[in-house]
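Remarks on the overall topology
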Amino acid sequence: MTEVIKVLLVEDDEDDYFLTSDYLEQCESPSFELTWVTNSLDAVEALKADSFDLCLLDYLLGAENAIDVLGVLKSNQFSLPVVILTGQSDATVDEMVMRAGAADYLQKSEIESPRFMRTIRYAMVRRDIENERLERNKVEQKNKAKDKFLAHLGHELRTPLTSILGYTELLIDDARNSPFQQELSIIHSNGKHLLSLLNDLLDMSRIMAEKLELNIQDVNLSAFLTDIHSLMRLNAKDKGLSLNVVSTTKIPEFIKTDPTRLRQVLLNLISNAVKFTDKGSITLTISLEVPSSEPPDEPRLCFSVEDTGIGMPPDKLENIFQPFEQIEDVMRANHGGAGLGLAICKELVTKLGGDITVTSRHGEGSIFTFNIAPGNISSQPLVDLQLEQIQPVESSSINLCVTGRVLIVDDLREIRRLTGHLVSQSQADISYAENGVKALEAVLEADEHNQPFDLVLMDIHMPVMNGIEALHAIRRHGKKIPVIAVTAASRKGLKESLIREGFNDVIGKPIDRFALATLLSQYLPPGNHVTFTNVEAQVADMPLDKPFAPEKHLPYSAEDENKRDVTSLSPEKTDIDEKSSEKGVINKRILVIEDDEDAAELLQLFLSHLGHTVTTTYSGVDALNTAQEQRFDHILMDLTLPDYNGYDLAAELKKALPDTSLTIVSGHEADTESMKSIGIDSALLKPVSKDDLESVVG
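Residues numbered from 1 in each chain as written. Predicted model: local features only at pLDDT ≥ 70, side-chain atom pairs only at ≥ 80, totals over all residues. Heavy atoms only, no water.

**Examining the pattern of salt bridges**
Where charged atoms from two side chains of opposite charge come close, those side chains can pair. Selection criterion: Every case where a carboxyl oxygen of Asp or Glu lies within 4 Å of a side-chain nitrogen of Lys or Arg is listed as a salt bridge. The secondary structure listing takes helices from DSSP runs of H or I that are at least 4 residues long and strands from runs of E that are at least 2 residues long, numbered from the N terminus. Accessibility here uses a 1.4 Å probe with only protein chains present; expressed as a share of the type maximum, an area under 20% marks a residue as buried, one over 50% as exposed, and anything in between as partly exposed.
Under the counting rule described, the total for this entry stands at 11 salt bridges. For the salt bridge of Asp384 with Lys250, the shortest nitrogen-to-oxygen distance reads 3.1 Å. With Asp384 in the loop between β16 (382–383) and β17 (405–409) and Lys250 in the loop between β9 (242–247) and β10 (251–252), this residue pair connects regions lying 134 residues apart in the sequence. We classify Asp384 as partly exposed; its relative accessible area is 47%. Among the residues examined, Lys250 registers a relative accessible area of 42% and is labelled partly exposed. A salt bridge links Lys479 to Asp447, with the shortest nitrogen-to-oxygen separation between them at 2.8 Å. Of this pair, Lys479 sits in the loop between α13 (467–476) and β20 (483–487) while Asp447 sits in helix α12 (residues 436–448), and the two are 32 residues apart along the sequence.

Written as structure tokens, this is what we have:
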């Protein structure tokens, strides 16, 4: 098929138009489709109405010249190649039009010469190269945007999951909640499922972006398999299944691989086997295959996971390793998932130097088999697989016999409280800070009072001053206190990067309480023996609303209770103690400004339950009138109101009630600069909980 090149000719001389048109019509390959206009305005309209491959532009167009027209085309973001047609060659003019963006220039006398066709082809090649560059740039920008979005998504989802999983675990561990164990377990298992889906999504994103890297190291194979057995044995037992780990050959004592990724593959396959098996057993079989060919090929370490579950039809096996693929029968059986697990397994196994296959019979079970390269094992003897004695770690066996002083730094109040509750199950004293500046102040003040902290748990992403900046500030003041980074981010190399910044260790969100217990035992001085279980008994008679260490002042030991001078506390704390001595709460007058009646009613219920007196208005005008008639301790206001811009209303309210605290409660992120300039104290993002309101109102 003959190539057709669509040409826009911008030429005010009719004779030159006919000359160009006649020549282009005589061309057989490529063929040209010519559109003629006489000025820049018509050229813009033509380009808006149709797409063109090339523009031939006369240098002189009455009052305009080619440089003017090139500027008009550029301002309208037209990117087609432009060849300038000139009456006669002029080096200065030629240089000017090239700088203005022309692809080439040509004398009109050369229109019927071979140079004319070469110029057109050269311009078209330049166009194709430029289009390819622009397309690559678009793809790169999209990938960067996607990576940034997924990183942000991971962080934002891990933060609420930290609270969901952490508080649910605490409720499960409390014997007083035994009537609700089944419901709490459902919440916890679904929270863990959400976390698993999030991890799968992030892993698949890294794989598709070719950013997933391996961390190859020596792995003790028997110990590694013992760990796998220990982790998954209880999962199988909960469904009445047995999990067996066997070896059909001798195996190397050590292999070279990425233990994290190999563990991920095995746990995924075994979890799937447990999920899709209702009775029988799951068997993990390991074997070493040493080829007998000459010269011998590299040995392969083979794994197979066999179950006695529901199996899969043969015609469904072809796509089982494709992303987002799930078998309809499986989905109808209410076995959920995003369909990413097996796709990730295939990619990981490939990266580990092997491949993965599946065989299955519908209704009888499945066998997933994969192999990896074990590295150079020629210099070591082969041994029998010996699984170590499994001693499952239960919460009651966690050793929290540590004391000392811990500072917890996080901008989210619920995360501070959750982490504080976990740490408080030891004998450590706890203090809190909501950002890096407060953390630095707390560290310096503690040293001044000769009560230095033994450990700081520091969130990385915080307003005012982030965790890394706070760490550097602490180190600049000569403080060698151990600081552990707490982060929801999960990118490869993050831990090493944070260690280089000066952190002593890193723990992820959601916080694993056993990992936290390990860090506490590593960095805090020893104390009396305490476990999660006997702590529960110790706090069983404590008030339910005060399971956490105070956030408003540095903690003091029980020995100092009788020596404490009330005047040494902050005025705020002293005032609270005096006012709450009888009622336990401070009654505040609160103005709620919310045009949604349901949302306003919910806020009123929460605040009333917290012991406050609430007045509700549904518009900015009513709010201002009410503010002139009554005094309020705190104002909660939406940003989107029917009659007022939220920030304008906030500014007027601050003028009318300068001593009243003001909090934005909105479905949109509040603008930090606007809040600062107006004097807005805080902001909550909808939906809000009672704890959220308590954190800002008290």
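Next, the rest of the story.
**Brief notes about the sheet that holds strand β14 (residues 356–361)**
Stated precisely, the cut-off is as follows: At least two bridges found by DSSP between two strands are what make those strands a pair. Lines fitted to the C-alpha atoms define the axes, with helices restricted to the stretch that makes contact. Angles between their N-to-C directions range from 0 to 180 degrees. The contact definition used throughout considers only heavy atoms, calling two residues in contact when any of these lie within 4.5 Å.
Taken in spatial order, the 5 strands line up as β9-β12-β13-β15-β14 in an open sheet, and their pairing is mixed. Both outer strands of the open sheet, β9 and β14, are each paired with one neighbouring strand and no more. For this sheet, the mean inter-axis angle between neighbouring strands, taken without regard to orientation, is 15°. Set on the sheet, helix α7 (residues 221–238) makes contact with β9, β12 (281–289) and β13 (300–307); between it and β9 the angle comes to about 165°.

**As for the environment of Ile282**
When you line up the elements, Ile282 lands in strand β12. Between the C-alpha atoms of Ile282 and Asn244, which are 38 residues apart in sequence, the distance is 6.3 Å. Excluding anything up to four places from it in sequence, Ile282 contacts Leu241, Ser242, Leu243, Asn244, Ala273, Val274, Val305, Glu306 and Asp307.

**Notes on the nonpolar core**
In plain terms, the rule: In this description, a nonpolar core means a group of buried Ala, Val, Leu, Ile, Met, Phe, Trp, Tyr and Cys residues linked to one another through side-chain atoms lying within 4.5 Å.
Membership of the largest hydrophobic core comes to 45 residues, with the highest contact counts inside it found for Leu225, Leu262, Leu269, Leu284, Ile286, Phe303 and Phe370. Those elements that provide at least two residues to this core are α7, β9, α8 (259–275), β12, β13, α10 (341–351), β14 and β15 (365–372). Examining the composition of this core, we find that 7 residues originate from one element, α8, more than from any other. Membership of the second largest hydrophobic core comes to 25 residues, among which are Phe453, Met458, Met462 and Leu498.

**Points about the side chain of Ser304**
Along the polypeptide, Ser304 turns up in strand β13. By relative accessible area, which is 15% here, Ser304 ends up buried. Ser304 has contacts with Thr283, Leu284, Thr285, Ile367, Phe368 and Thr369, leaving out every residue within four places of it along the chain.

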